[in-house]
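# Residue-level structure breakdown
Given next are the chains, with one letter for each unit.
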Amino acid sequence: MPRRAIFTEVMDVIERRIAEGDYMLKDLPGERKLAEEVGVSYMTARKAVLGLIDKQVLSRKANGALEVHPRLAQGEASLAQVALLTPAYPSTHFVHCRQVISNAADAGRVRFRPVEYVHWRDPVVTEALDGSDGVMVIPSTEPIPGKLLEQFRSGHRKVVFFDADETAHSIPSIRLFSRRHITALYEHLWSLGHRQIHCLNAQGRNAEIERRIDHWRSWLAEKGGEGNLWDTPTPPYGDPTSRGYQTMRSVLGGGGADLGAVVCTTQPAAIGAMRAAYEARLTIGREVSICTINNEPTGQYFCPSLTGLDMPDVNSLLERCFNWFAMNGDPFPGELRMEPDEPNLFKGESTGRALVAV
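Report follows, based on the coordinates. Worth saying up front: this structure is predicted, and the values here are computed from it rather than measured.

What follows covers the environment of Arg4. As for its position among the elements, Arg4 is in the segment before helix H1 (6-19). For the pair Arg4 and Ser350, spaced 346 residues apart in sequence, the C-alpha separation works out to 56 Å. Setting aside chain neighbours within four positions, we find Arg4 in contact with Glu9 and Asp12.

Counting 46 residues, the largest nonpolar core has Met136, Phe162, Ile174, Ile197, Leu318, Phe322 and Phe325 as the members making the most contacts within it. Leave out the neighbours within four places in its chain, and Leu318 touches Val100, Ile101, Ala104, Met136, Phe162 and Ile174. If you look at the next biggest cluster of nonpolar residues, it comprises 21 residues, including Leu200, Tyr245, Ala273 and Leu306.

This part is about helix H8 (residues 179-191). For H8, spanning 13 residues, the distance from its first C-alpha to its last is 18 Å, which sits close to the expected 18 Å at 1.5 Å a residue. Within the span of H8, buried status applies to His181, Ile182, Thr183, Leu185, Tyr186, His188, Leu189 and Trp190. The inward-facing, buried residues of H8 contact strand E8 (197-201), helix H9 (207-223), strand E10 (260-266), strand E11 (288-294), strand E12 (307-309) and strand E14 (345-346). The positive-phi residue at the C-terminal boundary of H8 is Gly193, with phi of around 95°.

The next thing to look at is the pairing of E10. Of all seven residues in E10, seven are buried, a share of seventy percent or more. In terms of strand pairing, E8 meets E10 through four bridges, oriented parallel. In the strand pairing of E10, His198 is matched with Val262. Note: E10 against E11, six bridges, orientation parallel. By the bridge assignment, Cys264 is partnered in E11 with Thr292. Following the backbone out of E10, through helix H11 (residues 267-279) and into the adjacent parallel E11, one traces a crossover that is right-handed.

So, on to helix H10 (residues 240-252). Along its 13 residues, H10 runs 18 Å from first to last C-alpha, staying within 8% of the 18 Å computed at 1.5 Å per residue. Considered for burial, the residues of H10 that qualify are Pro240, Gly244, Tyr245, Thr247, Met248 and Leu252. Axial view of H10: buried residues confined to an arc of 165°, hence all on one face. Buried residues along H10 sit against E8, strand E9 (229-231), E10 and H11.

Now for the packing of aromatic side chains. Going through the model one piece at a time under the given rule, you end up with nine aromatic pairs. With centroids separated by 5.0 Å and ring planes inclined at 85°, the aromatic side chains of Tyr89 and Tyr237 adopt a geometry described as edge-to-face. Of the two residues, Tyr89 is situated in the loop between strand E3 (81-87) and helix H5 (92-107) and Tyr237 in the loop between E9 and H10; the sequence distance between them amounts to 148 residues. Overall, the relative accessible area of 17% leaves Tyr89 in the buried class. Aromatic rings pair up to connect Tyr117, Trp120, Phe152 and Phe161 into one cluster. Between the NZ or CZ atom of Arg32 and the centre of the ring of Tyr42, over which it lies, the distance is 4.2 Å. Arg195 extends its terminal NZ or CZ atom over the ring of Trp190, reaching a point 3.7 Å from the ring centre.

The next point concerns empty space enclosed by the protein. Enumeration over the complete set of coordinates arrives at one cavity of 30 Å³ or more. Quantified by volume, the largest cavity comes out at close to 50 Å³. As for the largest cavity, its lining consists of Tyr89, Thr141, Gln203, Gly204, Thr234, Pro235, Pro236, Tyr237, Gly238 and Pro240. Across the lining of the largest cavity, the residue classes break down as five nonpolar, five polar and no charged.

Take the pairing of E3 next. For E3, the buried fraction is high: seven of the seven residues fall into the buried class. Along E3, one buried face is formed by Gln81, Ala83, Leu85 and Pro87 and the opposite face, lined by Val82, Leu84 and Thr86, is buried too. Relative to strand E4 (residues 111-117), E3 runs parallel, the two sharing seven bridges. Bridge assignment links Pro87 to a residue of E4, and that residue is Tyr117. At this point the chain moves from E3, through H5, to the parallel E4, and the crossover so formed is right-handed.

Reading guide: rules and limits
Residues numbered from 1 in each chain as written. Predicted model: local features only at pLDDT ≥ 70, side-chain atom pairs only at ≥ 80, totals over all residues. Heavy atoms only, no water. Helix = DSSP H or I, 4+ residues; strand = E, 2+ residues; numbered from the N terminus. Contact = heavy atoms within 4.5 Å. Core = buried A, V, L, I, M, F, W, Y, C linked by side-chain atoms within 4.5 Å. Buried < 20%, exposed > 50% of the residue type's maximum accessible area, 1.4 Å probe, protein only. Expected span 1.5 Å × (residues − 1). Pairing = 2+ DSSP bridges. Right-handed = clockwise from strand over helix to strand, strands pointing away. Arc of directions from axis to C-beta. Phe/Tyr/Trp six-rings, centres within 6.5 Å; stacked < 30°, edge-to-face > 60°. Lys NZ or Arg CZ within 6 Å of the ring centre and 35° of its normal. 1 Å grid on protein atoms, 1.4 Å probe; cavity = no way out; pocket = protein on both sides within 12 Å on 5 of 7 lines; lining within 4 Å. Points joined across faces, edges and corners; volume = space filled by probe spheres on them. Nonpolar A, V, L, I, M, F, W, Y, C, P; charged D, E, K, R; others polar.

Bear in mind that shape data such as this cannot, by itself, settle questions of function.
Structure below.
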């Protein structure tokens, strides 16, 4: 079988980049730059570009610069171009959120581009705002500068926060776990006979973490239960798993108190707490119950499996956001705060009946 011409392979590279949204936030390179990037001659790169112009994949601006053909950029190929801003540090939760949004984007004919930022003044944040029809933001625990908040909520920008609530700043937001969802987790512990329910936080403080802790306090007071708050926030881009582990080790003090139940604000803290309890020779799910507010897909595969709130169905909420991104200048339709209807509570082996009968 004869080998394909090199210029057709270069065409494939460019088309794949376009399909993945690589040129959403930056200009297409010229033939010489493209030749350097791909490792071919200038003439090969030029032949590939001419072939893509013939296919109406690329076109030239009046100044000769290349651009994605309007048929692809704005026509039947996509409803809108959407960037997702996520903090640039390892997190299975961020990966899961990205996958959920990406799947919804594929179903809704949305051109989707994930972008990682190191800090709020990272230039990629402005590039995402300027280079897309709409931006979804997963916030870090670092405070958002006031000027950037103004950019996020300005009339000509379309921004939605995901797994956060910035509606106080007039920014549409998808909050994954409503008060009713989290209450379902607490009521599960209560039904198991737990009247001593502690809260462990190792995540950096932000508005969402504050809300979860305040909810724990108010719910426990309303029910007449008892519990301690062990709050050791991790600095931005720190490791909440090791912080949760160290905090629980300190609580246990090398022994093993009658802890009852421990609710962790995030899964990494729960992982650390489970390890510390294991090292203290406590049977998780019998001598101590450990759960998390937001579970991740890995939670059900732990030994013991981790009780917590799994990702709810947010497809209809994402569809509403994508449709808004595709509109021209219209205000966001409906309530700014969006929450899924039904909680998705996974009852794992890490929670069991209280040892002390009620």
